[in-house]
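One-letter residues, chain by chain:
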Amino acid sequence: MSDSTSVPKAPNVAQSNGIPPPSFELPVPDTPDLVTENVFKLNTLITNPRQRLLMDKLVEHLHVFAKETKLTIAEWRAAIEFLTRTGQTCTPLRQEFILLSDIFGFSSLVEGLSNPSDGKGTDHTVLGPFFTEDAAEVSLGESIASEGKGEFLFVEGRVLNTDGAPVPGAVIETWEADENGFYDTQYADREKPDCRGRLRTDTQGRYSFRAVVPVPYPIPGDGPVGELLTMLNRHNMRPAHLHFMVTAPGLKTLVTALYPEGDTYLTNDAVFAVKRSLVVNFEQVTDATEAQRRGIPRDKPFKLLQFDFVLRKDSEGSSGSEGHKVEADHTKRDPTPALGPTPAVAPAVPRDAKL
Ligand SMILES: [Fe+2]
């Protein structure tokens, strides 16, 4: 018996999406400027104002890019092939496109526009490509890392709101690379999450956990993004850091990371994600009593990180795309925008900063 009934048949006639041609006239686009103009005219069919703005600006900047650079067909093809390979490198545990966004500073830029520093809440930074949903629940004071993953680190503090009130029951997701500079997802034989955990603050908003001292690490260099960095003559190192995502009802989700001071790569992070307020002191503790109090195995010396996270209320400021809507009348526009210098974006940390 044939199993052809279980395989959907391809239509034997090419299928239209059913949308009729526009009611307005479009000139035959036999010059580059007319191509640009026609795309903008077709964008007037977009009914959602936010989508319309995003598409108008995307088309504007893409077309200006091609015209300014006099982009060749060979360069266009190379870019398409590069993006294709970037997509093909993605797996459920590897996100090469986020990495690509990161190394252009684009992730950091979007994050900074969505969550500008306000001097009240803890600064945000990029999520990065290594967050996973499967972190194990870890009791307060317990370890997120299995033994042998690095030098002992103890992390403790509180979660507060911007009034200084403790936030009980806040969920803290934390993840880090091990002493080899790898996240658990980078090991082919990964059986379960490691160097990552999910904690909940106690009734007084306190949290604590054991981890390992993070080390600087290279972002993955074995894919298209790694090849691109090499071509651009750029190193692929990130300063040591611990990632955090903190959530609590009625408060804005905080996505951030903490960076030990003194790291070589603080001012030249491959993904532009360091903020001065997130550079912290890791205290060296050699007192065996302190080690015992925190359950450090064999009362070994350890590093201590103490940090309070401050979450903004939902009503404070704005976040996401709502936070940086462009106010512009994009219903009337010059179809061939004037070329001009791109506005400079100030780096998060000055080049000469000493951290
Ligand atoms: Fe990271």
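Small disclaimer: the values here were computed from a predicted structure and weren't measured.

Undergrad: What is the right way to look at the sheet that holds strand β10 (residues 279-280) in this model?
TA: If you trace the 6 strands from one edge of the open sheet to the other, you get β1-β4-β3-β8-β9-β10, paired in mixed fashion. With partners counted over all chains shown, the strands left at the sheet margins are β1 (136-137) and β10, one partner each. Relative to strand β4 (residues 196-200), β1 is paired through 2 bridges, and the arrangement is parallel. Within β4, the residue paired with A136 across the bridge is G197.

Undergrad: Would you mind going over the packing of helix α1 (residues 32-43) against helix α2 (residues 49-69) with me for this structure?
TA: The angle between the axes and the distance between the axes are what describe a pair of packed helices. Close contact between α1 and α2 brings their axes to 10 Å; oriented N to C, the two are set at 175°. Taken together, the axis directions place α1 and α2 in an arrangement best described as roughly antiparallel. In this structure, α1 uses T36, V39, F40 and N43 to contact α2, whose residues at the interface are R52, M55, D56, V59 and H63. Taken together, the residues of the contact of α1 with α2 sort by class into 4 nonpolar, 3 polar and 2 charged.

Undergrad: Is there a simple way to explain the nonpolar core in this structure?
TA: Note that soluble globular proteins tend to have their nonpolar side chains buried in a common cluster. L153, V159, A211, V246 and L311 are the most contacted members of the largest nonpolar core, which has 55 residues in total. Broken down by secondary-structure element, the contributors of at least two residues to this core are α4 (96-103), β2 (152-161), β3 (171-175), β5 (206-212), β8 (242-247), β9 (254-260) and β13 (309-311). No other element matches β2, which puts 6 residues into this core. In this structure V246 touches V159, A170, I172, L254, F309 and L311, once residues within four positions along its chain are discounted.

Undergrad: What is the right way to read α4 from this model?
TA: For an α-helix, 3.6 residues make a turn, and residues three or four places apart therefore share a direction. Across the 8 residues of α4, 6 count as buried, placing the element largely inside the fold. Along α4, the positions that sit buried rather than exposed are E96, I98, L99, L100, D102 and I103. Among the structural elements, α3 (73-89), α5 (106-114) and α6 (224-231) are those in contact with the buried residues of α4. Directly after α4, the chain includes G105, whose backbone phi takes a positive value near 75°.

Undergrad: What's the story with the pairing of β8 in this structure? I'm lost.
TA: On any regular strand, side chains alternate: one points to one face of the sheet, the next to the other face. Inspection of the sheet shows β3 paired to β8 by 5 bridges, in the antiparallel sense. Within the sheet, the bridge partner assigned to T174 lies in β8 and is F244. With 5 bridges connecting them, β8 and β9 associate as antiparallel partners. Along β9, the bridge assignment pairs L242 with L258. Here β8 folds back onto β9, and the loop between the two strands holds 6 residues, one of which, G250, carries a positive phi near 80°.

Conventions we followed
Residues numbered from 1 in each chain as written. Predicted model: local features only at pLDDT ≥ 70, side-chain atom pairs only at ≥ 80, totals over all residues. Pairing = 2+ DSSP bridges. Helix = DSSP H or I, 4+ residues; strand = E, 2+ residues; numbered from the N terminus. Axes fitted to C-alpha atoms, helices over the stretch in contact; angles between N-to-C directions. Parallel < 35°, antiparallel > 145°, perpendicular 65-115°, else oblique. Contact = placed C-beta atoms within 7 Å. Nonpolar A, V, L, I, M, F, W, Y, C, P; charged D, E, K, R; others polar. Core = buried A, V, L, I, M, F, W, Y, C linked by C-beta atoms within 7 Å. Buried ≥ 20, exposed ≤ 12 C-beta atoms within 10 Å, placed from the backbone.

Purely geometric numbers; function is a separate question.
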